[in-house]
Amino acid sequence: MRYTVYVESMERIPSGLSSQPFSTWKEQSLDSALCEVNPAYAALRKQGALKPAQLLRVPRGTFDKIRNEMIRDGRVSATQFKMPRVARSPHIVDTLEATALRN
């Protein structure tokens, strides 16, 4: 099991860079920071119960697409929408996984 963090750039990514995933050092930095601020995470990593955190880029507009689908499907009101911080819905996870750029 592992945590996956999906990141969407607010700026348009130049076409030559859009297919490039995040570097390993960024994932290592994220994992180190999570260990530093969360003792439970650090313990699970030390025990080998959690793999290192994964950092994946999604194209610009991905989170808007998720928001619009949730509103359209009636799962949430447009005035009360808050982007889920933990994606438990298979639909949201599928959308993120389908668009994520991988190493």
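The structure presented is a predicted model; accordingly, all values stated were derived computationally and were not measured.

Relative to each other, helix α1 (residues 24-37) and helix α2 (residues 39-47) sit at 120°, their axes nearing to 5 Å. As the angle between them shows, α1 and α2 are arranged oblique. Between α1 and α2 lies a crossing of left-handed hand. Residues Asp31, Leu34, Cys35 and Val37 of α1 touch α2, and the partners they reach there are Pro39, Tyr41, Ala42 and Arg45.

Once that is clear, we can look at the packing of aromatic side chains. Ring pairs (aromatic) are described by centroid distance and by the angle formed between their planes. Scanning all chains against the criterion turns up one aromatic pair. For the pair tyrosine 3 and tyrosine 41, a centre-to-centre distance of 5.6 Å together with 40° between the ring planes defines the contact as tilted. Here tyrosine 3, found in the segment before β1 (4-8), pairs with tyrosine 41, found in helix α2; they are 38 residues apart in sequence, far enough to count as distant. The exposure class assigned to tyrosine 3 is partly exposed, which follows from its relative accessible area of 48%. For tyrosine 41, a relative accessible area of 4% puts it in the buried group.

What counts as what
Residues numbered from 1 in each chain as written. Predicted model: local features only at pLDDT ≥ 70, side-chain atom pairs only at ≥ 80, totals over all residues. Heavy atoms only, no water. Axes fitted to C-alpha atoms, helices over the stretch in contact; angles between N-to-C directions. Helix = DSSP H or I, 4+ residues; strand = E, 2+ residues; numbered from the N terminus. Parallel < 35°, antiparallel > 145°, perpendicular 65-115°, else oblique. Left-handed = near helix turned anticlockwise from the far one by under 90°. Contact = heavy atoms within 4.5 Å. Phe/Tyr/Trp six-rings, centres within 6.5 Å; stacked < 30°, edge-to-face > 60°. Buried < 20%, exposed > 50% of the residue type's maximum accessible area, 1.4 Å probe, protein only.

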